[in-house]
Amino acid sequence: MHRHIYSFIITIVAAALIAACGSSDKGPAETALKAAEEAINSAKGEASKYMPDQVKALESSLAATREKLSKGDFKAVLSDAPALTSKAQELASAAAKKKAELAKSWEDMSAGMPKVVEAIKSRVDILSQSKKLPAGMSAETLAQAKAGLSEITQQWTAATEASKGGNLMDAVAKASSVKVKAAEVLTLLKMPVPEALKS
Amino acid sequence: MAEKKNDPWAIPDIGPATDEKKSGSGADAFDATQWHEVKKGETLWKIAEQYYGDGNLYPKIFDANRDVLKDPNRINVGQKLRIP
């Protein structure tokens, strides 16, 4: 009888100790999760513009970690949350680097592309005055070049507007497509393609 | 590498910064000027025919090269002319 009572008491005490150990992780887990949330919130403003998929993945992982906290899996939270904080910091750093790269690309293209467009326009204007086209160039080729010039001009205007609106990703993407088209038109006109349009 | 490929958090490698040696300075790399080196026996008329199909358009070439040409009838072998 006494043995049963002692066993029962020992079991109760052991269970209480285990519960206490588990709940002692709760505070640190909540703190770690909060730090991760703050790091992600701090990073996502800029990072969303340049790396939206990575931001979504990070937020998804954060949601999963919150779920673990709500289920009392504090050890898992203590393991996951610092990694999330670290990833958020890496993301912020990568986004800043990407932004600087895009700004440089735009700076180069916005300085150089107008000259390319002007060169194409000049040649198209002159050829349009010609009574006979140069050897190896047909009227159809010239028409294609004119259509290409029109497309380039429109797309370049759109790229400039995107840049003015603060959307560097869009500006650079549009400018890059202008580069490709300009290279095609220069080739049609038998003009040299500058190095910057070859990359 | 396979692990990194499947990692949704993977921060993509942005790649190296612009290779200035390869592309030259920002402005030069976009220079689309067409140049023609004058050969023996050429005239602005002939050069205009070559590039425009019409010799009558030679004044376009002359105007673009006023810094090196004083007279459209006098061009020298080896001169480098801009072809607008």
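Basis of the calculations
By convention here, each chain's residues receive numbers from 1 onward along its written sequence. Labels are handed out in written order, letters beginning with A for the chains and numbers beginning with 1 for the ligands. Where local features are concerned, this predicted model is filtered to residues with pLDDT of at least 70; where side-chain atom pairs are given and counted, the filter is 80 or more; whole-chain, interface and lining totals use all residues. To qualify as a helix, a DSSP run of H or I must reach at least 4 residues; to qualify as a strand, a run of E must reach at least 2; elements of each kind are numbered from the N terminus. The contact criterion used is a C-beta to C-beta distance within 7 Å, with each C-beta placed from the backbone. C-alpha atoms define the radius of gyration, and 2.2 Å times the number of residues to the power 0.38 defines the globule rule. We call a residue exposed when 12 or fewer other C-beta atoms sit within 10 Å of its C-beta, buried when the count reaches 20 or more, and partly exposed for counts in between; the C-beta positions come from the backbone. Multiplying 1.5 Å by the helix residue count minus one yields the expected span of that helix. Where each domain starts and ends follows an automatic or database-derived domain assignment. Amino acids are sorted into nonpolar (Ala, Val, Leu, Ile, Met, Phe, Trp, Tyr, Cys and Pro), charged (Asp, Glu, Lys and Arg) and polar (every other residue, Gly among them).

Peer 1: What is the right way to look at the overall build of chain B in this model?
Peer 2: The secondary structure content of chain B amounts to four helices and two strands. Going from the N terminus to the C terminus, chain B shows its helices and strands as α-α-β-α-α-β. Pairs at least 24 apart in sequence give 46% of the contacts found in chain B among residues at least 6 apart.

Peer 1: Explain the overall build of chain A to me, please; I cannot follow it from the model alone.
Peer 2: Helix and strand content of chain A: six helices and zero strands. When the helices and strands of chain A are listed from N to C terminus, the series reads α-α-α-α-α-α. Its C-alpha radius of gyration of 31 Å places chain A more than 25% over the 16 Å reference for a compact globule of 199 residues. C-alpha extents for chain A along the principal axes are approximately 120 × 25 × 25 Å. Across the 199 residues of chain A, 30% fall into the buried class. Long-range contacts, defined here as pairs at least 24 residues apart, represent 72% of the contacts in chain A between residues at least 6 apart.

Peer 1: What is the right way to look at helix α5 (residues 139–164) of chain A in this model?
Peer 2: Three- or four-residue spacings in an α-helix give side chains the same orientation, since the helix completes a turn every 3.6 residues. Over its 26 residues, α5 of chain A runs 38 Å from end to end, which matches the ideal 38 Å to within 8%, given 1.5 Å per residue. Elements that come into contact with the buried residues of α5 of chain A comprise α4 (74–129) and α6 (168–188) of chain A.

Peer 1: Can you walk me through the domain arrangement of chain A in this structure?
Peer 2: How big an interface is tends to be expressed through the accessible area that disappears when the partners come together. Residue and element names in this part refer to chain A. Segmentation of chain A into domains returns domain 1 (2–97) and domain 2 (99–197). Taking only C-alpha atoms into account, the centre of domain 1 sits 52 Å from that of domain 2. Counting residues at the interface gives six residues for domain 1, matched by four residues for domain 2. Counting residues per element, the ones that place at least two in the side of domain 1 that touches domain 2 are α2 (26–50) and α4.

Peer 1: How should the interface of chain B and chain A be read in this particular structure?
Peer 2: Contact residues are listed per partner, giving 24 residues for chain B and 37 residues for chain A. Considering each element in turn, the side of chain B that touches chain A owes the most residues, three residues, to helix α3 (residues 44–52) of chain B. For the side of chain B that touches chain A, the residue count by class is 13 nonpolar, eight polar and three charged.

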